[in-house]
Amino acid sequence: MDDFLDDGIMGAGFTLEQILTDAVTSPYLDDSYYDLLRQDMAEWEAMGQPLSEAERASHEALILQENWLLDRRAYEKWLHLYSARCLYWIPAADGLPAPEVADPQHQVTIAFDDRRRLGDRIVWLRTGVASAQIPVSHTAHLSSGFVRVPTVREGEVKIRSSFLCHEIRAGHPVQVLSGWMGHVLVEEEGSWKIGRKLVCLLDAGRAHHNLTFLV
Amino acid sequence: MTRYQSIPTGLDGLVEEGRVHRSLYTDRAIFEREMTHLFGGTWTYLAHESELPEPDDFVQRRLGLRRVIVTRDGEGRLHGLLNRCTHRGATVCRQAEGKAKRFTCPYHNWSFANSGELRSVPLPRGYGPSFDRAKLGLGKIRVESYRGFVFGTLNQSLPPLQDHYGTALSILDEWLDRWPGAEIKLRRRTHRLICNGNWKLIYDNAADGYHPGFSHASLLRMRKARYGGGVDMQWTLGDVDAGLQTVADARNGCTFIDQRAEIARYWDQAAPMPGEEAYAAQIRARYPEVAERALDVVVGSGMNLNIFPNLLVIGNQLQVIEPLDVDRTDLIWYATALEAPNLPPEVNTLRMRLQEDFPSFGEPDDLANFEECQAGLSIPEMDWVHVGRHMDTGAEYDGPRGLTTGPVSDELPMRVFWTEWLKRMQSDDEMRAL
């Protein structure tokens, strides 16, 4: 297991022990939350504006920090970037999926993790006995093309970006994932958190070899 | 590379009582014969009717390595067509699914009805009296459907589907009839998982009640650490043969794990799923009379029913094995919804979430182990794979339906598979398109 200090140079984080008891129920993913996701999908279509210096310093920096923590496998710190009612969503349909093929209320996804399932995923990765992660995956995320997309939702910021993610596991070829991401940022306890993260893979509809790492 | 002199007579020495030869997983000549003599050589699952509900709907699939189209014609009848133009051989359909009255080959525009007949060719004056349009329809697969499950074969001498797989289909009835009057619906997206291993490693595993406590240690430890005992799959820990699960020979290569006796209450033993508390409360508030029964059908059936050679009915999902090469297989998990007039629609929102659980936390570990099997089996000096567990312990008995049944860790299902495998591979039956 990776060692880290609570407020080390990589920033604040949880301990694995804290995650074990964090969010062991799943009360907030209800009809209104799915409504919100349908609204998100419509809003992501819009033309975005390049970020201002201030937006880069807070929003782009947060997403780049997320990439860095994932690439460092610092999952306990990574979870700390997420809000209490968060979602990490990878549709199983290509592109900017149309609601009829990717409405998660009616369709299965590659990943649809509320706060509880994110905790499950981190604990699962840390068991050290997952054959799919022996040896472990290492990733290199590259994000660019950050734009702010308008939203009608007050207090929320929508940032769209393009990404490449290389993944390597000893004994296996390099996997390359690409596509775009949407981050919905919300303010919580005085700082920006990731409220919803959408990962649209270019090849979401195709077969994948081992997606047990975090994108 | 191979130890046998010729297929099929040389196969006998590769399948023995309690052990099979590694080359069955690694030899490309064997793989190629499987692709004709098993896939399409016997009744082979192709599609579910809910994927093509309307007249003129189609889906493109594989029957072994053959590209095939499953269609519904204008009158609603099902057809299985070989996706190969009778002119120069190009595929006539290049979409994964859709709606089409006709399939027109883009190369020279020969055009076929969705029932297969050749309808038109451009510049017809270029063909003389020998040109017999009636003989130039798309190759047709023999297809039959049972309660929405569409199977196909090119073996014209097989008995009808319901005779051939009657036992397995009677078990499928139990899987289907958990909510009276309900129908399962696909078109709910899929998990598509690549395995760099031979396809049979997946079939071997689908009725392997010996592996879960070990291969799924990550899932079981995570669940225990987060939720304590009592949730999903706890029955796979410890001496599973002292438990209530069984395996059975469902005949003609089909196999069955029955976990149902371990499940006191489906909903209480469900894996965690996003939205669980929100929708449980909503279902109980809106539909008090059916709520508890409805919550139970969110959860997987407690049955693994494997229909030779490629359909694995597990939990609430249909897994389809798509072999691509001797050491490369796609495993497609089709999510299912359950629809009935008196079934709360919220059930399906939860079912989608639950069907993401095992592809996230369970199957990847199995696939990693299958790939490592493939790596190990490539070693030429080590010949055998052991499939003899409970073969001679006296633990097997005549169980329900008169089926040979054993404790859950019994490798009876593998022996059942290999018996059917050998029979099909040595068969002289002719494979022929209609």
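Remember, predicted model here, so these are calculated numbers, not experimental data.

Engineer: Which residues make up the packing of helix α5 (residues 199-206) of chain B against helix α13 (residues 412-425) of chain B, and what are the values?
Structural biologist: All names here are of chain B. Between α5 and α13, the shortest axis-to-axis distance is 9 Å and the interhelical angle comes to 135°. When the axes of α5 and α13 are compared, the pair comes out oblique. Here α5 contributes W199, K200, Y203 and D204 to the contact with α13, which in turn contributes M414, F417, W418 and W421. Looking at side-chain class alone, the contact of α5 with α13 contains six nonpolar, no polar and two charged residues.

Engineer: Please set out the sheet that holds strand β7 (residues 97-99) of chain B residue by residue, giving values where relevant.
Structural biologist: Whether parallel or antiparallel, the strands of a sheet pair through hydrogen bonds between backbone atoms. Residues and elements named next belong to chain B. Taken in spatial order, the seven strands make up an open sheet running β3-β12-β11-β6-β5-β4-β7, and their pairing is antiparallel. For this open sheet the edge positions go to β3 (44-48) and β7, each flanked by a neighbour on one side alone. Neighbour-to-neighbour, the strand axes of the sheet open up by a mean angle of 30°, direction not taken into account. For β3 and strand β12 (residues 149-153), the ladder comprises four bridges, and the chain directions are antiparallel. Across the sheet, the residue bridging to H48 is F149, located in β12.

Engineer: Can you tell me about a nonpolar patch on the surface, naming the residues and giving the values?
Structural biologist: A grouping of A:L142, A:L164, A:I168, A:V174 and A:V176 is seen on the molecular surface, where their side chains present a nonpolar patch of about 420 Å² in accessible area. Relative to the assigned elements, A:L164 resides in strand β7 (residues 156-169).

Engineer: Which residues make up the packing of helix α6 (residues 115-126) of chain A against helix α7 (residues 217-227) of chain B, and what values do they have?
Structural biologist: Between α6(A) and α7(B), the least distance of the axes is 9 Å, while the angle of their chain directions is 125°. If you check the angle between α6(A) and α7(B), you find them oblique. Crossing hand, α6(A) versus α7(B): right-handed. In this structure, α6(A) contributes A:R116, A:G119, A:D120, A:V123 and A:W124 to the contact, and α7(B) contributes B:S218, B:L219, B:M222, B:A225, B:R226 and B:Y227. The residue makeup of the contact of α6(A) with α7(B), split by class, is six nonpolar, two polar and three charged.

Engineer: Any chance you could break down the interface of chain B and chain A for me, citing the residues and the numbers?
Structural biologist: Opposite the 42 residues of chain B that make contact, chain A presents 44 residues. Here chain B and chain A share three salt bridges between them. Of all elements in the fold, only β14 (190-195), α7, α8 (276-286), α10 (346-354), α11 (357-361) and α12 (363-377) of chain B reach the threshold of two or more residues within the side of chain B that touches chain A. For the side of chain B that touches chain A, the per-class residue count stands at 17 nonpolar, ten polar and 15 charged.

Engineer: Can you explain the pairing of strand β5 (residues 66-72) of chain B? Please cite residues and give values.
Structural biologist: Residues and elements named next belong to chain B. Taken across its seven residues, β5 has six buried, putting it largely inside the fold. In this structure, strand β4 (residues 57-63) lies alongside β5, joined through six bridges in antiparallel fashion. Paired with R61 across the bridge in β5 is V68. If you look at the hairpin formed by β4 and β5, you'll find two residues sitting between the two strands, and G64 has a positive phi there, around 65°. Pairing of β5 with strand β6 (residues 78-82) involves five bridges; the strand directions are antiparallel. Of the residues in β6, the one forming a bridge with R72 is L78.

About the cut-offs
- Residues numbered from 1 in each chain as written.
- Chains lettered and ligands numbered in written order.
- Predicted model: local features only at pLDDT ≥ 70, side-chain atom pairs only at ≥ 80, totals over all residues.
- Heavy atoms only, no water.
- Axes fitted to C-alpha atoms, helices over the stretch in contact; angles between N-to-C directions.
- Helix = DSSP H or I, 4+ residues; strand = E, 2+ residues; numbered from the N terminus.
- Parallel < 35°, antiparallel > 145°, perpendicular 65-115°, else oblique.
- Contact = heavy atoms within 4.5 Å.
- Nonpolar A, V, L, I, M, F, W, Y, C, P; charged D, E, K, R; others polar.
- Pairing = 2+ DSSP bridges.
- Patch = residues over 30% accessible without salt bridge, like charges linked within 9 Å, V, L, I, M, F, W, Y side chains within 5 Å.
- Areas by Shrake-Rupley, 256 points an atom, 1.4 Å probe, with all protein chains shown as cover.
- Salt bridge = Lys/Arg side-chain N within 4 Å of Asp/Glu carboxyl O.
- Left-handed = near helix turned anticlockwise from the far one by under 90°.
- Buried < 20%, exposed > 50% of the residue type's maximum accessible area, 1.4 Å probe, protein only.

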